[in-house]
Amino acid sequence: MVLKVFFPSCCATAESGLLIGRWIPEQNSAVVLAVVHFPFIPGQVKQYLSEVQRVTQVNMCVLGSWSNSKQEKEEVLDKFLEDLSTIFSHEPWIQLSKEGDSKFWSCCIFQKYPSSPKEHEFILVYYDQRKVMLSQLHPTDSLTTSADHKGNDASELGAVFDTVAKSKVLFMTDRYDDGPIKLTHWQSEGVEASIIVELMKQASVPVCVLLTFLLSLVSSVCKSRVLKFWPLSFIWSKLSTCEQLGHRLEHLQIISSNRKAQNQTQLMRKANIFVSLLIDVALGILLMSWLYRENRIGQLADTLIPVADHIAKELQDLLQWLMGVPAGLKMNRALDQVLGRFFLYHIHLWISYIHLMSPFIEMILWYVGLSACLGLTVALSILSDIIALLTFHIYCFYVYGARLYCLKIYGLSSLWRLFRGKKWNVLRQRVDSCSYDLDQLFIGTLLFTILLFLLPTTALYYLVFTLLRLLVVVVQGLIHLLVDLIDSLPLYSVILRLCRSYRLAASVKFRVLEQKPGKPLRLLMQINPLSYGSVVQTYRLTSYACYPKDSWSSLCKKLFVGELIYPWKHKEEKQD
Amino acid sequence: MEEGMYRAVSGGRIALQRRQYSASCREFSVRCPRLQLRSLSAATCSVWLAAYGLFVLSQNSMVLSAAIFITLIGLIVYLHFVKIDQESLLVIGSLGIQMTSSYASGKENTTFIEMSQVKDVVINEAIYMQKVIYYLCILLQDPREPHGVSEVVPLFQSSKPRLDCLVEVYRSCQEILEQRKTSDFTRTLN
């Protein structure tokens, strides 16, 4: 039978005494949490243990005895330690002893009713108590689904980590306390705490209350009926800035809520949101300080109108090219001129509106730039919105071209069916054969021919404007991707993994220490931290990213048929 | 501690070291062939010849410094992320199985699998192109469903020892796993 004893490395130099901890019978292992020193009164020890057990829900008991003798073996102490086993009945009673400065300890057990006549083999596993207490084990997915309170029979290491983590109350008494029990554990030299952390904890309560109040005011204003009228609500839903502000508001609400985090995941989530907000605001203020220096806003406003003019001029050149002989293709002159003039007139209107607004641009930009102090993500969303507004005419042209092309394609397909003597049955949603009259066939063929020969012209206009629209969509998509990256990257977890890697444990690793034949096997248990990839994956904040909702094939099909495409549809993510 | 010389699947020489720490704890380390000086010099010479050829064509001395940087960084990346020096397997009956790969730069990558998740250690055969190669692997089970294999974890993937070496390791591992079965049996009896 193999018996495993998990011994804290801080207790290796402790004076003789009793071992207290938890015995896990399913795995034949004992987790030692502390050493109780002489002199003690057994009744008081039992009472203390039952109190601690009640508070921590850990099944703590006296596991055995520990003797650290500086000289040779003392017979009297041995007998005394054996007698203790009758007072604190625990099956099996573990006796660990260390002689002098020897690294090799001896371990034996004392059983009243020996269960098996065979020799017991001992494995002594040393662990760093403080690191194991602070660490959180991230097992692979198959084990996370088991309930945490069921004793973790599925994972032995989980049980060990759980035991040490829950016994924080035991580690609060240090050796300077005047209690009846003297313990040795990792904090027995004195409880350490940081005054800054304590002050911040005290200060955070009123700050949270204030923040919650302000946020409730802001959200009540946002939800007021005034802003929900149809044109306004349509605009708010289209602007990505409003969405981003909404997300940040939600995040602030999560941080400033008064409830303490129930478990580690929630705590990490709150910390990640807090750090992400902080970095966002810091970057935003940096951007603002760069923008407002040396009158860059003025320069930006001055270049905006010429850029818009330049785009319009390029579009006009493009349309002139299309109205001529584009790429050597021969267009239908009449249709070409009609479409070309139609689009040129639109551009002319657009230019006039831009020129009307030009005196106010600088002032608008100045005030809008102030909102960068809310965060870099907000500034990027505003940039994306400005791009959308400036290229609105491209979007309009795309819609016109697409609708025209779509109508043409549907007309062509319907008349093609007529050509072959078939008809679309709307009731049955399938193609049926149909006999047409001669004049129906004649008109149908005529229309078909007209539409077919006008197809290249329309198709070319559609192609050109679709490409332009796709370009704008790709640029907007990149900006949104950057915003999403800043939003969802768990920076706190990554920094924790960098600086305090033992807090995020993937598993453990064992190192075999020097052995001596005849003595128990000595192993050192160290924490194996999570890799950066799994840290980011586990602690990612919910992303509101707009992923392409169509696969490539459906996108191509839609482009071919002429349906309007909105590739970056916002996913409605559920909060976890 | 015992050491034996074997061959890898590719033909290179590898060394297997076996250590027994206690009745239920054994370690097997396979040492891969070291980085050869001639392959290193061949790679460096070819990169520098190509860079010199480009320099002669373009007369831009940045090409030469770029080649030096590429060689240095490539070597560092290779030693730290690609070249595995030693792979070892530590079997502790009743605790678990630990696999460690040490890279040439000193980095160590460790994975530990608990004994409750280990179903068995077997030698599998695989057909790769025109060869049939044998590899040792650990069959994992879900502790709640002991009758299915949830995952197969291959061992010694970089050193790829041949069947004779694998059989040695397999026999030793099975001795330890047998002990686990008997101890489980006695525990259910009591």
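Residues numbered from 1 in each chain as written. Chains lettered and ligands numbered in written order. Predicted model: local features only at pLDDT ≥ 70, side-chain atom pairs only at ≥ 80, totals over all residues. Heavy atoms only, no water.

Asker: What should I look at first to understand helix α13 (residues 392-419) of chain A in this one?
Answerer: Along an α-helix, a turn takes 3.6 residues, which lines up residues three or four apart on a common side. With 28 residues, α13(A) extends 40 Å from end C-alpha to end C-alpha; this agrees with the ideal 40 Å at 1.5 Å per step. G421(A) sits one or two positions beyond α13(A) and adopts a positive phi of about 85°. (Helix = DSSP H or I, 4+ residues; strand = E, 2+ residues; numbered from the N terminus. Expected span 1.5 Å × (residues − 1).)

Asker: Is there a simple way to think about the UniProt feature "transmembrane region" (unreviewed entry) in chain B in this case?
Answerer: All names here are of chain B. The residues that UniProt annotates with the feature "transmembrane region" (unreviewed entry) are residues 39-57 and 63-82. The distance from the first to the last C-alpha atom of residues 39-57 is 27 Å, and the span holds 100% helix and 0% strand. Helix makes up 100% of residues 63-82 and strand makes up 0%, while its end C-alpha atoms are separated by 26 Å. (UniProt positions renumbered as here; feature names shortened; annotations may be inferred.)

Asker: Before we go on, may I ask you to explain the pattern of salt bridges in this structure?
Answerer: Pairing is possible between side chains of opposite charge, provided their charged atoms come close. Tallying each qualifying case throughout the model produces 12 salt bridges over all chains. For R248(A), the salt bridge identified is with D487(A), shortest N-O distance 3.2 Å. You can see R248(A) sitting in helix α8 (residues 240-255) and its partner D487(A) sitting in helix α14 (residues 438-488), a full 239 residues away along the chain. Residues E2(B) and R18(B) are paired through a salt bridge, measuring 3.6 Å at the closest nitrogen-oxygen approach. You can see E2(B) sitting in strand β1 (residues 2-7) and its partner R18(B) sitting in strand β2 (residues 13-22), a full 16 residues away along the chain. With a relative accessible area of 46%, E2(B) lands in the partly exposed category. (Salt bridge = Lys/Arg side-chain N within 4 Å of Asp/Glu carboxyl O. Buried < 20%, exposed > 50% of the residue type's maximum accessible area, 1.4 Å probe, protein only.)

Asker: Where do I start with a nonpolar patch on the surface in this structure?
Answerer: Residues and elements named next belong to chain B. Judged by side-chain polarity, L35, V47, W48, I68, F69, L72, I73, V77, Y78, F81 and V82 come together as a nonpolar surface patch covering roughly 1000 Å² of accessible area. For the nonpolar patch, the elements supplying multiple residues, two or more each, are α1 (37-58) and α2 (62-82). At 8 residues, the largest contribution of residues to the nonpolar patch is made by α2. Here F69 shows up in helix α2. (Patch = residues over 30% accessible without salt bridge, like charges linked within 9 Å, V, L, I, M, F, W, Y side chains within 5 Å. Areas by Shrake-Rupley, 256 points an atom, 1.4 Å probe, with all protein chains shown as cover.)

Asker: Even after reading the chapter, I still don't get the sheet that holds strand β5 (residues 96-103) of chain B, so can you show me in this structure?
Answerer: Across a sheet, strands are paired by hydrogen bonds formed along the backbone, either parallel or antiparallel in direction. All names here are of chain B. In space, the 6 strands of this open sheet follow the order β1-β2-β3-β4-β5-β6, with antiparallel pairing throughout. Across the chains shown, the open sheet's two edge strands, defined by having one partner strand only, are β1 and β6 (108-114). Recorded for the sheet is a direction-independent mean angle of 15° between the axes of neighbouring strands. Looking at chain direction, strand β3 (residues 25-31) and strand β4 (residues 84-92) are connected through 7 bridges and run antiparallel. Bridged to F28 within β4 is L89. (Pairing = 2+ DSSP bridges. Axes fitted to C-alpha atoms, helices over the stretch in contact; angles between N-to-C directions.)

Asker: When you look at the interface of chain A and chain B in this model, what are you seeing that I'm missing?
Answerer: Interface size, as often reported, equals the accessible area lost upon joining of the parts. Every contact between the two is made by 24 residues of chain A and, on the other side, 21 residues of chain B. Our count for the contact surface shared by chain A and chain B stands at 0 salt bridges. Taken together, the elements giving at least two residues each to the side of chain A that touches chain B come down to β1 (2-8), β7 (121-127), α4 (141-144), α5 (156-166), β12 (504-512) and β13 (521-529) of chain A. When residues in the side of chain A that touches chain B are grouped by element, the largest group, 5 residues, is from β12(A). Split into classes, the residues belonging to the side of chain A that touches chain B amount to 12 nonpolar, 7 polar and 5 charged. (Contact = heavy atoms within 4.5 Å. Nonpolar A, V, L, I, M, F, W, Y, C, P; charged D, E, K, R; others polar.)

Asker: Which parts of the structure should I look at to understand the confidence of the model for chain B?
Answerer: Detail in the predicted coordinates should be disregarded across regions flagged by low pLDDT. With 98% of its residues at a pLDDT of 70 or more, chain B has an overall mean of 90. Of all helices and strands in chain B, the one with the weakest mean pLDDT is helix α3 (residues 163-189) of chain B (85), whereas β5(B) scores best (94). (pLDDT = per-residue confidence, 0-100.)

Asker: Got a minute to help me understand the packing of helix α12 (residues 376-390) of chain A against α14(A) in this structure?
Answerer: The geometry of a pair of packed helices is captured by two quantities: the angle between their axes and the separation between those axes. Residue and element names in this part refer to chain A. The contact between α12 and α14 brings their axes to 9 Å, and the two run at 170°. Taken together, the axes of α12 and α14 are roughly antiparallel relative to one another. On α14, the residues that touch L376, T377, L380, S381, L383, S384, I387 and A388 of α12 are V472, V475, Q476, I479, H480, L482, V483, I486 and D487. In terms of residue class, the contact of α12 with α14 is made up of 11 nonpolar, 5 polar and 1 charged. (Parallel < 35°, antiparallel > 145°, perpendicular 65-115°, else oblique.)

Asker: Can you help me understand unusual backbone geometry in this one?
Answerer: Excluding glycine, residues mostly have negative phi values, and the peptide bonds linking residues are mostly trans. All names here are of chain B. Here S94, not a glycine, exhibits a phi torsion of approximately 75°, which is positive. With respect to the helices, strands and loops of the structure, S94 is situated in the loop between β4 and β5. Taking relative accessible area as the criterion, S94 reaches 21% and is therefore assigned partly exposed. In this structure, K160 is a non-glycine residue whose phi angle is positive, near 45°. Checked against the element boundaries, K160 lands in the loop between β9 (151-154) and α3.

Asker: Can you walk me through the side chain of K98(A) in this structure?
Answerer: Examined against the element boundaries, K98(A) turns out to sit in strand β5 (residues 93-99). Of the polar contacts made by the side chain of K98(A), one reaches the backbone oxygen of A12(A); its length is 3.0 Å. (Polar contact = N/O pair within 3.5 Å; in protein donor to acceptor, adjacent residues only side chain to side chain.)

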